[in-house]
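So the chains spell out like this:
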Amino acid sequence: MIPLLILGLLKQNPGSYGYELLALMEERQYKYIVNFTKGSFYYNLQQLEEKQYIQKVDQLDNTREKRNYIITELGDKEFEKLMVKYGSKTDYINLSFYAAMLFADEYKKEELTKLIKIQIEQTQKKIFLLEQTLQHNETIPTYFKKMLENSRSHHLVNVQWFEGLLKDISNEKR
């Protein structure tokens, strides 16, 4: 999915250089869409260039050479293919926590409570980051903003669910 993100960003920001694209991915919280590292980003950038989906355009900027990229005609075609591939895909939500919950009755209630509190804390951090991005980033494309809002809504519902689980556990202990 990283190639789709890179190609899409280059369509939005032609002539960007690698670090600029990576910074946009981090600033826009694309990690909620796909797990990426600096290394995987640059690997995919290199692969896109080797496949001639993007082209390097060297430019001099303040006596420092920057490697700016543009999307090629072949890259436009690949972007279209990836849009269909990922835009028509429906994935099941596969959370590790759900797998652990299958065996909640076999686990110590005190330890389960700790796990749920960890989930609440992690989810609240995600909500905070999403809200920060939504409040302080005017450059977010409309549909990505709507996706972030949807993601925030899901996380808010999850916090309520986790809190309900904690309540159920405390009622069982009585």
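Here the residue numbers are simple positions, counted from 1 along each chain's written sequence. Only residues with pLDDT of at least 70 are given local features in this predicted model, and only at 80 or more are side-chain atom pairs given and counted; all residues enter the totals for whole chains, interfaces and linings. Derived side-chain values reflect all non-hydrogen atoms in the structure, with water molecules and hydrogen atoms excluded from consideration.

Participant: Would you mind going over the packing of helix α1 (residues 2-12) against helix α3 (residues 38-50) with me for this structure?
Facilitator: The description of two helices packed together rests on the angle between their axes and the distance between the axes. Running from N to C, α1 and α3 cross one another at 70 degrees; their axes reach a closest spacing of 10 Å. By the angle between their directions, the pair α1 and α3 is classed as roughly perpendicular. Facing α1, whose interface residues are I2, P3, I6 and L7, α3 presents S40, F41, N44, L45 and L48. All axes are obtained by fitting lines to C-alpha atoms, using only the stretch in contact for helices, and the reported angles, taken between N-to-C directions, cover 0 to 180 degrees. Secondary structure elements are taken from DSSP: a helix is a run of H or I of four residues or more, a strand is a run of E of two residues or more, and numbering for both begins at the N terminus. Relative orientations are named as follows: roughly parallel for angles under 35 degrees, roughly antiparallel for angles over 145 degrees, roughly perpendicular for angles from 65 to 115 degrees, and oblique for any other angle. Here a residue-residue contact requires only that any non-hydrogen atoms of the pair lie within 4.5 Å.

Participant: What is the right way to look at the packing of aromatic side chains in this model?
Facilitator: Ring pairs (aromatic) are described by centroid distance and by the angle formed between their planes. Stacked, tilted and edge-to-face are the three classes applied to pairs of Phe, Tyr and Trp rings, where Trp contributes its six-membered ring and a pair requires centres within 6.5 Å; stacked means planes under 30 degrees apart, edge-to-face means over 60, and tilted covers the rest. Applying the stated criterion across every chain yields a total of 5 aromatic pairs. Taking the centre distance of 4.8 Å and the plane angle of 80 degrees together, the rings of Y30 and F144 count as edge-to-face. Of the two residues, Y30 is situated in the loop between α2 (18-27) and α3 and F144 in helix α7 (residues 142-173); the sequence distance between them amounts to 114 residues. Accessibility classification places Y30 together with F144 in one group, the buried group. Measuring from centroid to centroid gives 5.0 Å for F41 and Y42, while their planes differ by 80 degrees, and the two rings are edge-to-face. Burial here depends on accessible area, computed with a 1.4 Å probe over protein chains only, as a share of the maximum for the residue type. Under 20% is buried, over 50% is exposed, and the range in between is partly exposed. For Y42, a relative accessible area of 30% gives the class partly exposed.

Participant: Is there a simple way to think about the nonpolar core in this case?
Facilitator: One finds I6 and L7 to be the most contacted residues of the largest nonpolar core, which totals 28 residues. Those elements that provide at least two residues to this core are α1, α2, α3, β2 (64-71), α4 (73-87), α6 (109-135) and α7. Those residues in contact with I6, other than ones at most four positions away along the chain, are L21, F41, N44, L45 and L48. F97, M101, I120 and F162 belong to the second-largest nonpolar core, a separate cluster that totals 10 residues. Note on terminology: a nonpolar core comprises buried Ala, Val, Leu, Ile, Met, Phe, Trp, Tyr and Cys residues joined through side-chain atoms within 4.5 Å.

Participant: When you look at α2 in this model, what are you seeing that I'm missing?
Facilitator: An α-helical segment advances 3.6 residues per turn. Residues three or four places apart therefore align on the same side. What α2 keeps buried is the set G18, L21, L22, L24 and M25. Projected onto a plane normal to the axis of α2, the buried residues spread over an arc of 155 degrees and lie on a single side. Of the residues trailing α2, Q29 is marked for its positive phi of about 60 degrees. Here the arc refers to the set of directions running from the helix axis out to each C-beta atom.

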